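What the coordinates show
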Amino acid sequence: MDRSQIRKMLLQTFEDFQMTRSERSALNQIFDHLNLSDHHLALIRAEAFQIFKDQQPVPGMREKSLGWLEDVMKILSRPASEESAMKSEAWFSPHDECAHRICRMIDSATSQIDICVFTITDDRVSEAIQEAHRRSVSVRIISDDDKSFDPGSDIDRLSRAGIPVRIDRSQYHMHHKFALFDSKYVLTGSYNWTRSASEKNEENFIITSDPALLFRFESEFEKLWNRYEN
């Protein structure tokens, strides 16, 4: 099943902005029959979010399309087989292993990276982000306005490299530290993407493929991305 087939299948359930019981049952049967791999599940999630995003300029469509998106995510979150069970891992600093793990996640992404972090000052991570952009991975970054002007901040450099960047422009801090990779993994924790976090601070992050968490973090990213539109 390629991406165009996935999109056509999903659009058939999207016409009235709600999924009927028969449509839900049909999708469940199709997904069960196909015995979808993690790769195909990620493609379906990505395509569902793209359909959802395409409807945002249409007045009054957000709430209706969000209900449809939640239905799709619930179907994809059905109990998995032992072979495709959720995988999670935890990382702790101060050690360079955290920065190296983030770079490996960036390097392994093939289609999309969404980053929502307080600041980025670790040049190793910034270089990996730029390299992903150069190999045509779609990268988006949300960051804090105050921290983007700090000495050593790489946010402006990444923006000048052509990577879409949005900042919060408010009196409060955009203090999240999470990233999404190919609609397949979410990385989140206290770890700032800085040299201090790598070399000095007691920090942590987890990486998980839990579909329910992916849905929550992807939804939050889209909400913030739309809110901070320039």
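Treat the numbers as computed from the prediction; the structure is a model and nothing was measured.

Conventions adopted
- Residues numbered from 1 in each chain as written.
- Predicted model: local features only at pLDDT ≥ 70, side-chain atom pairs only at ≥ 80, totals over all residues.
- Heavy atoms only, no water.
- Phe/Tyr/Trp six-rings, centres within 6.5 Å; stacked < 30°, edge-to-face > 60°.
- Helix = DSSP H or I, 4+ residues; strand = E, 2+ residues; numbered from the N terminus.
- Buried < 20%, exposed > 50% of the residue type's maximum accessible area, 1.4 Å probe, protein only.
- Lys NZ or Arg CZ within 6 Å of the ring centre and 35° of its normal.
- pLDDT = per-residue confidence, 0-100.
- Contact = heavy atoms within 4.5 Å.
- UniProt positions renumbered as here; feature names shortened; annotations may be inferred.
- Salt bridge = Lys/Arg side-chain N within 4 Å of Asp/Glu carboxyl O.
- Core = buried A, V, L, I, M, F, W, Y, C linked by side-chain atoms within 4.5 Å.
- Pairing = 2+ DSSP bridges.
- Axes fitted to C-alpha atoms, helices over the stretch in contact; angles between N-to-C directions.
- Expected span 1.5 Å × (residues − 1).

Evaluation of the coordinates by the stated rule reveals four aromatic pairs. When the ring of Phe178 is compared with that of Phe217, the centres are 4.9 Å apart and the planes differ by 65 degrees; the resulting orientation is edge-to-face. With Phe178 in strand β5 (residues 177–181) and Phe217 in helix α10 (residues 211–227), this residue pair connects regions lying 39 residues apart in the sequence. With 5.9 Å between their ring centres and 15 degrees between their planes, Phe221 and Trp225 make a pair best called stacked. With a gap of four residues between them, Phe221 and Trp225 both fall in helix α10, about one helical turn apart. Residues Phe221 and Trp225 agree in their burial class; the two are buried. Between the NZ or CZ atom of Arg140 and the centre of the ring of Trp225, over which it lies, the distance is 5.1 Å.

Cis geometry marks the peptide bond from Ser93 to Pro94, where omega comes out at 10 degrees. Secondary-structure assignment places Pro94 in the loop between β1 (88–93) and α5 (96–108). Non-glycine residue Ser136 carries a positive phi angle of around 75 degrees. Tracing the sequence through the fold places Ser136 in the loop between α6 (123–134) and β3 (138–143).

Okay, the confidence of the model for the protein chain next. The predicted coordinates should not be examined in detail at positions where pLDDT is low. Residue-level pLDDT values for the protein chain average 83, and 78% of them are 70 or greater. This stretch, residues 80–85, has a pLDDT under 50; its non-local contacts, to residues over four places away or in other chains, come to one contact.

Attention now moves to the UniProt feature "domain: PLD phosphodiesterase" (unreviewed entry) in the protein chain. In the numbering used here, UniProt assigns the feature "domain: PLD phosphodiesterase" (unreviewed entry) to residues 170–197. Taken end to end, residues 170–197 has its terminal C-alpha atoms 25 Å apart, with 11% of it in helix and 36% in strand.

A few words now on the pattern of salt bridges. Going through the model one piece at a time under the given rule, you end up with 14 salt bridges. Across the pair Glu89 and Arg101 runs a salt bridge whose closest N-O atoms are separated by 2.6 Å. Here Glu89, found in strand β1, pairs with Arg101, found in helix α5; they are 12 residues apart in sequence, far enough to count as distant. Put simply, Arg157 and Asp154 hold a salt bridge, and the shortest N to O gap is 3.2 Å.

Note that Gln130 resides in helix α6. In this structure the C-alpha to C-alpha distance between Gln130 and Ile163, which are 33 residues apart in sequence, comes to 7.9 Å. Those residues in contact with Gln130 that sit more than four places away from it in its chain are Arg157, Leu158, Ala161 and Ile163.

Within the largest apolar cluster, 31 residues are counted, with the highest numbers of intra-cluster contacts made by Ile106, Ile113, Ile115, Ile129, Val139, Ile141 and Trp193. Taken together, the elements giving at least two residues each to this core come down to α5, β2 (112–117), α6, β3, α8 (155–160), β4 (165–167), β5 and β7 (203–208). By residue number, the principal contributor to this core is α5, which donates six residues. If you look at the next biggest cluster of nonpolar residues, it comprises 17 residues, including Ala48, Trp68, Met73 and Phe215.

Moving on to the sheet that holds β2. What the seven strands build is an open sheet, ordered β1-β7-β6-β5-β2-β3-β4; its pairing is mixed. Edge strands, defined here as strands with exactly one partner in the open sheet, are β1 and β4. Averaged over neighbouring strand pairs, the angle between their axes works out to 10 degrees when direction is ignored. Against the sheet, α5 contacts β1, β2, β5, β6 (185–189) and β7, and its axis sits at roughly 140 degrees relative to β1. Each of β2, β3, β4, β5, β6 and β7 touches α10; the most contacted strand, β3, lies at about 70 degrees to it.

Turning our eyes to something else, we now look at α6. Across its 12 residues, α6 extends 16 Å between first and last C-alpha, which sits within 8% of the 16 Å expected from 1.5 Å per residue. When α6 is considered as a whole, its buried residues turn out to be Val125, Ser126, Ala128, Ile129, Gln130 and Ala132. At its buried positions, α6 is contacted by α5, β2, β3 and α8. Count one or two residues on from α6 and you reach Ser136, which has phi positive near 75 degrees.

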